[in-house]
Amino acid sequence: MTSETPRTAPVEPRPVLGRYSLGRITRYFSKSQQQEQKENREWNHPITSDANGAFRVYLQNKHGVSRDAVQNTQDLEVLRDTDVGCFCFTETNLDWTRPYVKSEYLYQQRQVLPFATTAFSSIKLEATSDYRTGGTLTTAVGKWGTRVSDKTEDPSGLGRWSALTLVGKKTKRVTIITAYRCVRSNNDGSVWTQEQVYMRAKTGKKAPHPRRQFIEDLIKFVQDKMKLGHEVLVCMDANEVLGEESQGIARLIRICNLHDCMTIPESEGMTQLQDTYRRGKNRRIDFMLGTQAFIDARTRYGALAYNEGIISDHRGLYCDFDPQRLLGGDAHDPVSSVARNFTSKNAKKSKEFVDNLETYLLAHSVPDRVNKLWDEAKALKLTRKEIRERHGAI
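Engineer: Where do I start with the pairing of strand S7 (residues 161-167) in this structure?
Structural biologist: Put simply, side chains in a regular strand alternate between the two faces of the sheet. Among the 7 residues that make up S7, 6 are buried, leaving the element largely enclosed by the rest of the structure. Of the strand pairs in this sheet, S7 and strand S8 (residues 173-180) are connected by 7 bridges, and their pairing is antiparallel. What sits directly across from Leu 166, in S8, is Val 174. As consecutive antiparallel partners, S7 and S8 are separated by 5 residues, and within that stretch Lys 170 has a phi angle of approximately 55°, a positive value.

Pasting the structure below:
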């Protein structure tokens, strides 16, 4: 019996890297190391797991909302676990004009945040895929979501911003806008190119300037809300460091009389927030700009470290607002319309409710007690206040 020689797997030749490939790898790691050396720490007040009754607004450029249910769920859990009342995502990179894309996201959102109201924005252009550069979403959660009276988006069809209006006490109205301002790029799929194509078709301009037009259109949108008596908060990725452009966000701030919610009053420059974008140096391009009422209601505010919570090349920013000052009172937690067992449109259950209510009122002699109070009030000429003082609650 002869012994067999054990077989060995053939040895594959190792790939040889050319000088060009080695150069690219060297430059890549060199840049990565430079980015890692950039200071990465939270700024000002650390975000907490409990907003302590405050209305917490969170802003971040997501650099694409994930279609993966696991990843999206993890991101939403971060917001839930930090008690965020309203979150504003810029550069969502999905075509929200497609109903199934929107429905898929809302289904995933409901698994983590059952009661929420969301406004979306995407450019109204034909596309060959669900991916669409740019876009935004604005979501109010829980008891704050029940305060939403209006959902709107960029009226031009360019999908540059979305907005929610919340109702406060009496005539108080608060509008929160999430906006994304494109960078200049000649790539076919860039937001700049898409907006130019759309603007040429709609306005007839041969050489429209999307960045300048963004500022002009947003000024008008904000002013229209202010004329209705709304307090306004603009949460935006401006893709501009404040002051870089004379017709940029400085113009928006000046004309609309907005204030930077991320500024520490009477503090030196280096203690202020220096950057919100990982690439480059001192690139603070994300802003929360509000009317004076938002500044007056501000209690805590800060910026998360890069990749803290939600992974992105932008920091997450947050600001807590006192609802007493901003909305005229605490926001109670009424039952969301989604969670109600029935509404007045359900004839069968409405009749059952009315029948049960009538039985209860008769069992407690409420009609007789009301008639007695009415007769007594007429005879003694009592005011409502005097009746309450004499009898208390019925």
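Engineer: It is not clear to me how the sheet that holds strand S6 (residues 148-153) should be interpreted in this structure. Could you clarify?
Structural biologist: Across a sheet, paired strands are connected by hydrogen bonds in the backbone, their directions being either parallel or antiparallel. Taking strand neighbours across the sheet as the criterion, the 6 strands line up as S6-S7-S8-S9-S11-S10 in an open arrangement whose pairing is mixed. The open sheet terminates on both sides in strands that have one partner only, identified here as S6 and strand S10 (259-260). In this sheet, strand S11 (residues 286-290) lies alongside strand S9 (residues 230-237) in antiparallel orientation, the contact comprising 5 bridges. Within S11, the residue paired with Leu 233 across the bridge is Gly 290.

Engineer: Mind showing me how you'd approach helix H2 (residues 69-81) here?
Structural biologist: An α-helix turns once per 3.6 residues; consequently, residues spaced three or four apart project the same way. End to end, H2 covers 18 Å across 13 residues, agreeing with the expected 18 Å (1.5 Å per residue, within 8%). Listed in full, the buried residues belonging to H2 are Asn 72, Asp 75, Leu 76 and Leu 79. Along the axis of H2, the buried residues cluster in a sector spanning 95°; they form a single face. Where H2 is buried, its residues contact strand S2 (55-61), strand S3 (86-90) and helix H3 (99-112). At the N-terminal end of H2, a side-chain oxygen is found 3.3 Å from the backbone nitrogen of Val 70, two or three residues along, and the residue is Asp 68.

Engineer: Help me understand helix H11 (residues 366-380) in this model?
Structural biologist: Taking 1.5 Å of rise per residue, 15 residues should cover 21 Å, and H11 covers 21 Å from first to last C-alpha, within 8% of that figure. For H11, every residue scored as buried is listed here: Leu 373, Glu 376 and Ala 377. Buried positions in H11, seen along its axis, are confined to an arc of 100° and lie on one side of it. Opposite the buried face of H11, at more than 90 degrees from it, the exposed residues are Asp 368, Trp 374, Lys 378 and Ala 379.

Engineer: Is there a simple way to think about the sheet that holds strand S12 (residues 298-303) in this case?
Structural biologist: Reading across from one edge, S1-S12-S13-S2-S3-S5-S4 is the order of the 7 strands in this open sheet, with mixed pairing throughout. For this open sheet the edge positions go to strand S1 (43-44) and strand S4 (116-121), each flanked by a neighbour on one side alone. In this sheet, strand S13 (residues 317-321) lies alongside S2 in antiparallel orientation, the contact comprising 5 bridges. From the neighbouring strand, Phe 55 faces S13, where its bridge partner is Phe 321. Helix-sheet contacts for H3 involve S3, S4 and strand S5 (136-141), and the interaxial angle to S4 is about 150°.

Engineer: Just checking my understanding: could you explain the packing of helix H6 (residues 210-227) against helix H7 (residues 249-256) for this structure?
Structural biologist: Each pair of packed helices can be summarised by the angle the axes make with each other and by the distance between the axes. Two numbers describe how H6 lies on H7: the axes approach to 10 Å, and their chain directions differ by 20°. Taken together, H6 and H7 sit at an angle that is classed as roughly parallel. The chirality of how H6 crosses H7 is right-handed. Contacts between H6 and H7 pair Ile 215, Glu 216, Leu 218, Ile 219, Val 222, Gln 223 and Met 226 from the former with Ile 249, Arg 251, Leu 252, Ile 255 and Cys 256 from the latter. By residue class, the composition of the contact of H6 with H7 is 9 nonpolar, 1 polar and 2 charged.

Basis of the calculations
Residues numbered from 1 in each chain as written. Predicted model: local features only at pLDDT ≥ 70, side-chain atom pairs only at ≥ 80, totals over all residues. Heavy atoms only, no water. Buried < 20%, exposed > 50% of the residue type's maximum accessible area, 1.4 Å probe, protein only. Helix = DSSP H or I, 4+ residues; strand = E, 2+ residues; numbered from the N terminus. Pairing = 2+ DSSP bridges. Expected span 1.5 Å × (residues − 1). Arc of directions from axis to C-beta. Contact = heavy atoms within 4.5 Å. Polar contact = N/O pair within 3.5 Å; in protein donor to acceptor, adjacent residues only side chain to side chain. Axes fitted to C-alpha atoms, helices over the stretch in contact; angles between N-to-C directions. Parallel < 35°, antiparallel > 145°, perpendicular 65-115°, else oblique. Left-handed = near helix turned anticlockwise from the far one by under 90°. Nonpolar A, V, L, I, M, F, W, Y, C, P; charged D, E, K, R; others polar.

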